[in-house]
Structure formats: structure tokens, C-alpha cells
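# Tertiary structure, described
Each chain, written out:
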Amino acid sequence: MLVIISCIVAATGGLIFGYDIGISGGVTTMDSFLGKFFPEVHRKSKATVDTNQYCKFDDHILQLFTSSLYLAALVASFFASTTTKAFGRKVSMVVGGLIFLLGAVLNGAAKNVEMLIVGRLFLGVGIGYANQSVPVYLSEMAPPKLQGALNICFQLACTVGILVAGLINYATAKVKAGYGWRISLALAAVPAVVMTVGALFLPDTPNSLIERDQTEKAREMLAKIRGVEDVSAEFQDLVDASEASKRVRNPWKNIMERRYRPQLVIVLLIPIFQQLTGINVIMFYAPVLFKTLGFGDNASPMSAVITGLVNVFATFVSLCTVDKFGRRVLFLEGGIQMLICQCAVGILIGCTFGVEGIGSISKGMGNLALVLICVYVAAFAWSWGPLGWLVPSEIFPLEIRSAGQSINVSVNMLLNFFIGQVFLSMLCAMKFGLFFFFGGFVVIMILFVYFFLPETKNVPIEEINRVWKAHWFWGKYIPNDAVGV
């Protein structure tokens, strides 16, 4: 019970990430927000159907409002790695929560675009710390048979954050006085406080305690979270892994060695693939996209709420099945389902707006687009969404785990920044072809998972090298004396 409660509390770190994803897209469709900070975009958003629908929201500063956060998170994740290793996982969570809280205050009180961007940068630093430390904490606290489900609590919290943000945007968009956007942005302080206060009461993981030479406390904590007195075998595995870790003077240099090549390739490609599914096209800009598709001012945030609900329930599916069917099955099924939906949406939008982007969408076609997008979101939410964070947190031996997770977060945030900065411009330039562009990457990632990703279901983290050694392609990179082999 202690493990489950600790993991649920730690997973609330996903709330801040999810809330921001959900809130930023909704705020950027509010007339009061656009009129104050982006008047030219506001003028174009009110244009008639004779205007190119693909280019209504194409503005680099507006995109910077969304994407600047991810650039800050990228840089912060490297500092978070040092903090996590030296002071423990929970300290990184507290630091991340406090900095995110400061960013929420700045955004809610923003007087100009510059203040908005600075606030977003603070939010990004907070997310960088949380996303670096929380998945590692969850993987280390969870017993092998529950490792997948408890780690997915992070993604579940993220989806809850997106849904709550959608509901708040739906309510604040109706504020007549024009300050609804301030409420939406300032309420980011709530999940920040939840994570920060929760982290203060969390126990340290046995791995972290051993890493900081607190071996007796580590043994006691391991016995406590496993619920048994005799934990000698698992404790010795942790000590062996820690001793191997301490022999590594520079994990950033060591992670480039041949013996870690499989993990390095996976931790680079998984977050790249996760973002190139095109999910942030939907979740960042769902209200913008639905508004572009002709759903209207009130229907746009409501449609975002619907996709948010689908996101939450589908993540529950992943939580219940990941340790039963394994990671590979969910990756492959989800990828195929996303590919079908992306192609269908691309065809639907292409037939409606054509290359010129002029026209209007009928109610029936709009509802069909919403259904397809919901089926797409469901596929992502039980596959690449949670597994994109779970798998990288499972595959590293202790000596390079913090460095590996920092790479995972930084690559994820770099792609988030890039897509957030160029998506609206890409939509303007590529039109409906953008959905086929992302669909092409989904084909590549399906093939990669099928041939190159081993199954990590029910494998203790300390024995992960055994999985790599048995793989048809990666086995040649793992030496026979590797820990766990």
C-alpha cells in the first residue's frame, strides 16, 4: 500500500505537464487573450470562409508562447540530472514544483508578451525537473510485476491535467469581462502546489539512498515497500548496481560507450517517435484545430474536452493491460490505429478545404473528424503516450540512469519545442498533407518497434542487461560481465 500511495503522489508530477499542454492551446483561441497580445492573429481568426483556413493562426510569436516552455525544459533536464543523483528524486520534484509555481504567477499577471514568455520559461524549468525525476522515482519504487502500471500513473496524471485544463478553458472562455485567460493560466499554480507538497512527504527510493551511501536506511525502505523481512537478494542486486555506478566517473561520457549503445539508441528514438506521431498537433492546438475546421468559438473548447476525456479513459486501458500484454503489443496496435486515423482525417480535410484552404465544413463531416481524432487520441493514450515515458525509464542500468532519463526528457522537449514552434506554419504550408507527413513517421516507428525493441514486461530494472543480451540485434553490444547478465 505504501508503494501504491507513494507512486500515485509522485505521479502528480504529470499534472503540471498535462495542465500546461491543455491550457495553452485553449487560451490561444480566446478573443480577449489574442486581442491583448496578438491583435493581428485575432483579426485573421475573425476572417470569413473566403480566407485560407489553414493559415489563420500562423504567427511565430504566438507559436513561441507555446514552444518556449519546452526549450527551457530541455536545458533544465540536464541540471535536474545532477540534482536527482546528488540529492535524491524527491528533491528534484520539490524544486520543479516551486519553479513551476513561480511561472504560473507570472503568466496569470502578465502585462505584455515578454512577461508571458518569461513565465513560460519558468514553467519549462519546472517541467524539466519533474519529467526527469518522476519516471525514475516510479520505476525504482514499483515492484517488477506492477512496474508498468504504476509508472503509467505519470501519464495518467498528465491526461487528467489535460482534461481539467480543457474544462477550465471551457468555463473561462465564457467570462465576459475578458480576464478568463488570466484565470486559466494562473490556475497552473494548483497542480504545482499539489506536486510540491506531495513530494515533501514521499519516502526516498532504496536506489537513491544507496547511491548516497545510506545503505541501512535503504535496506529498511526496501523491506518496507516490498512488505517482507528478507530482501537480501534484491538488496544485493541494488548494491551491486550502485557499486558499478560509482565506478562511473562521468555518466555522460560512459553512456556513449559501445556497451550502452542499445539504450542510447532507444532513448533517442522513442521520444522522437513519440512526438512525431503528431499527437501534439492535436493536444497543443485542439481548440485551434477545431476552430479552423469550423466548429465555432464555443464548440472548439468543448471538442477539446471530449478528446481530453477519451485521453484519460484510454490511459486507464494502458494501465490495466501493459503488464498483461506487454509493451510491444500496445506499441504496435496503437501505431496501426493512429496511422489509419491520420490518413482518414487528412483525406477528410483535403476533400473539404482542398489545397486553397477555402470552404466550410458541414456538421456531419465535422462530427466525423471529431470521432476520428478521438479514436486517434485513444490509440496514442494506450500506447505511445505512456510507453514513451515508461520504456526509457526501464532500460538503463543504475550507473547511467539519471543521464539516460535526462536525454529522454531533453529529446522529448526539443521535439516539443520544434513542433510547437513550426506546427501552425507547417499547417499553413503543407495543408492537409501535414497529417500524411506524420503518418509516414508512424509507419517507420511501427517497423522499428517490431524489429528492434525488446519486451521489458516484468523485468527487474537491475536485470535489464539480460534482456539486451538475448536480443537478436543488440546482444552483440552487451559484454558478458555486464551487471545482471
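Let us look at the structure shown here. Since this is a predicted model, take the numbers as computed values, not measurements.

## Quick word on the overall build of the chain
- The number of helices and strands found in the chain is 24 helices and zero strands.
- Summarising its shape, the C-alpha atoms of the chain cover approximately 70 × 45 × 40 Å along the three principal directions.
- For the chain, restricting intrachain contacts to residue pairs at least 6 apart in sequence, the fraction spanning at least 24 positions comes to 80%.
- Across the chain, 37 positive and 30 negative side-chain charges occur, with their mean positions spaced 5 Å apart.

## Section: the side chain of Ser24
- Looking at the secondary structure, you find Ser24 in helix H2 (residues 13–27).
- Here Asp20 takes part through its backbone oxygen, which lies 3.0 Å from a polar atom of the side chain of Ser24.
- One polar contact links the side chain of Ser24 to the main-chain carbonyl oxygen of Ile21, over a distance of 3.5 Å.
- Apart from residues no more than four positions distant in its own chain, Ser24 is found in contact with Phe65, Thr66 and Arg120.

## What to know about the environment of Gly22
- Position of Gly22 relative to the elements: it lies in helix H2.
- Gly22 sits in the buried class, given a relative accessible area of 10%.
- The spatial distance from the C-alpha of Gly22 to the C-alpha of Val322 is 25 Å, given a sequence separation of 300 residues.
- Setting aside its immediate chain neighbours within four residues, Gly22 contacts Ile162, Ala165 and Asn169.

## Focus on the pattern of salt bridges
- Overall, the coordinates contain nine salt bridges when judged by the stated rule.
- One salt bridge connects Asp20 with Arg120, and the closest N-O pair in it is separated by 2.5 Å. Taken together, the residues span a long stretch of sequence, with Asp20 in helix H2 and Arg120 in helix H7 (residues 113–141) at a distance of 100 residues. Like Asp20, the residue Arg120 is buried in the burial classification.

## Focus: helix H5 (residues 60–87)
- End to end, H5 covers 39 Å across 28 residues, agreeing with the expected 40 Å (1.5 Å per residue, within 8%).
- Thr66 marks where H5 bends most, by close to 45°.
- Positioned one or two residues after H5, Gly88 has a phi angle of 105°, which is positive.

## A word on the nonpolar core
- In this structure, Phe33, Trp384 and Met413 are the most contacted members of the largest nonpolar core, which totals 127 residues.
- Among the elements that make up this core, the one with the highest residue count is helix H22 (residues 401–430) (eleven residues).
- Aside from chain neighbours lying at most four places away, what touches Trp384 is Ile270, Phe273, Gln274, Thr277, Phe331, Gly335, Met338, Met445 and Val449.

## Side note on the packing of aromatic side chains
- Overall, the coordinates contain 23 aromatic pairs when judged by the stated rule.
- Ring geometry for Phe33 and Trp181: centres 5.6 Å apart, planes at 65°, overall edge-to-face. Highlighted residues: Phe33 in helix H3 (residues 31–37) and Trp181 in helix H9 (residues 180–186), separated in sequence by 148 residues.
- Ring geometry for Trp468 against Trp474: centres 6.5 Å apart, planes inclined by 80°, an arrangement best described as edge-to-face. Neither residue differs from the other here; Trp468 and Trp474 are each classed as buried.
- Each residue in the set Phe273, Phe331, Trp384, Phe448, Phe452, Trp468, Trp472, Phe473, Trp474 and Tyr477 is aromatic and connected to the rest through ring pairs, giving one cluster.
- Lying over the aromatic face of Phe37, Lys36 brings its terminal NZ or CZ to 5.6 Å of the ring centre.
- In this arrangement the basic side chain of Arg328 is found over the ring face of Tyr450, its NZ or CZ atom lying 5.9 Å from the centre.

## Some words on the side chain of Asn151
- Structurally, Asn151 can be placed in helix H8 (residues 147–172).
- Once residues lying within four places of it in the same chain are set aside, the contact partners of Asn151 are Pro135, Leu138, Ser139, Trp389, Leu390 and Ser393.

## Some words on the environment of Asn254
- By secondary structure assignment, the location of Asn254 is in helix H14 (residues 251–254).
- As for Asn254 and Cys428, which are separated by 174 residues in sequence, their C-alpha atoms are 43 Å apart.
- Those residues within four positions of Asn254 in sequence are excluded, and the remaining contacts are Val248, Tyr260 and Ile400.

## Some words on the state of the cysteines
- What the rule picks out here adds up to zero disulfides.
- Note on Cys158: no disulfide assigned, nearest cysteine sulfur contributed by Cys153 at a separation of 13 Å.
- A relative accessible area of 4% places Cys158 in the buried class.
- The thiol of Cys374 is unpaired, and the distance to the nearest cysteine sulfur, on Cys341, comes to 9.8 Å.

Rules and cut-offs
- Residue positions are given per chain, counted from 1 along the sequence in the order it is written.
- Since the coordinates come from a predicted model, pLDDT governs what is reported: local features require at least 70, and pairs of side-chain atoms require 80 or more to be given and counted, while whole-chain, interface and lining totals use all residues.
- Here the side-chain values reflect all heavy atoms present in the structure, with hydrogen atoms and water set aside.
- Labels follow the DSSP assignment, with helices taken as runs of H or I lasting at least four residues and strands as runs of E lasting at least two, numbered in each case from the N terminus.
- Throughout, a residue-residue contact means that at least one pair of heavy atoms, one from each residue, lies within 4.5 Å.
- When charges are counted, Lys and Arg are positive and Asp and Glu negative, with His and the chain ends excluded.
- Working definition for charges: the position is that of NZ of Lys, CZ of Arg, CG of Asp or CD of Glu.
- Pairs of N or O atoms are called polar contacts if they sit within 3.5 Å, as long as, within protein, a hydrogen donor faces a hydrogen acceptor (for residues adjacent in sequence, only side-chain-to-side-chain pairs).
- Type-normalised accessible area, obtained with a 1.4 Å probe on protein chains alone, sets the label of each residue: buried when under 20%, exposed when over 50%, and partly exposed for intermediate values.
- What makes a salt bridge here is a side-chain nitrogen of Lys or Arg within 4 Å of a carboxyl oxygen of Asp or Glu, nothing more.
- To estimate the expected span of a helix, count its residues, drop one, and scale the result by 1.5 Å.
- In this scheme, the bend at a residue equals the angle between the axes fitted to the seven residues that finish there and the seven that begin there.
- Here, nonpolar core refers to any group of buried Ala, Val, Leu, Ile, Met, Phe, Trp, Tyr and Cys residues whose side-chain atoms link them within 4.5 Å.
- A pair of Phe, Tyr and Trp rings is counted when the ring centres sit within 6.5 Å of each other, with Trp represented by its six-membered ring. The angle between the planes then sorts it: under 30 degrees is stacked, over 60 is edge-to-face, the rest tilted.
- In our convention, an over-ring charge means Lys NZ or Arg CZ found within 6 Å of a ring centre and within 35 degrees of that ring's normal.
- Throughout, disulfides are identified as pairs of cysteine sulfur atoms within 2.5 Å of each other.

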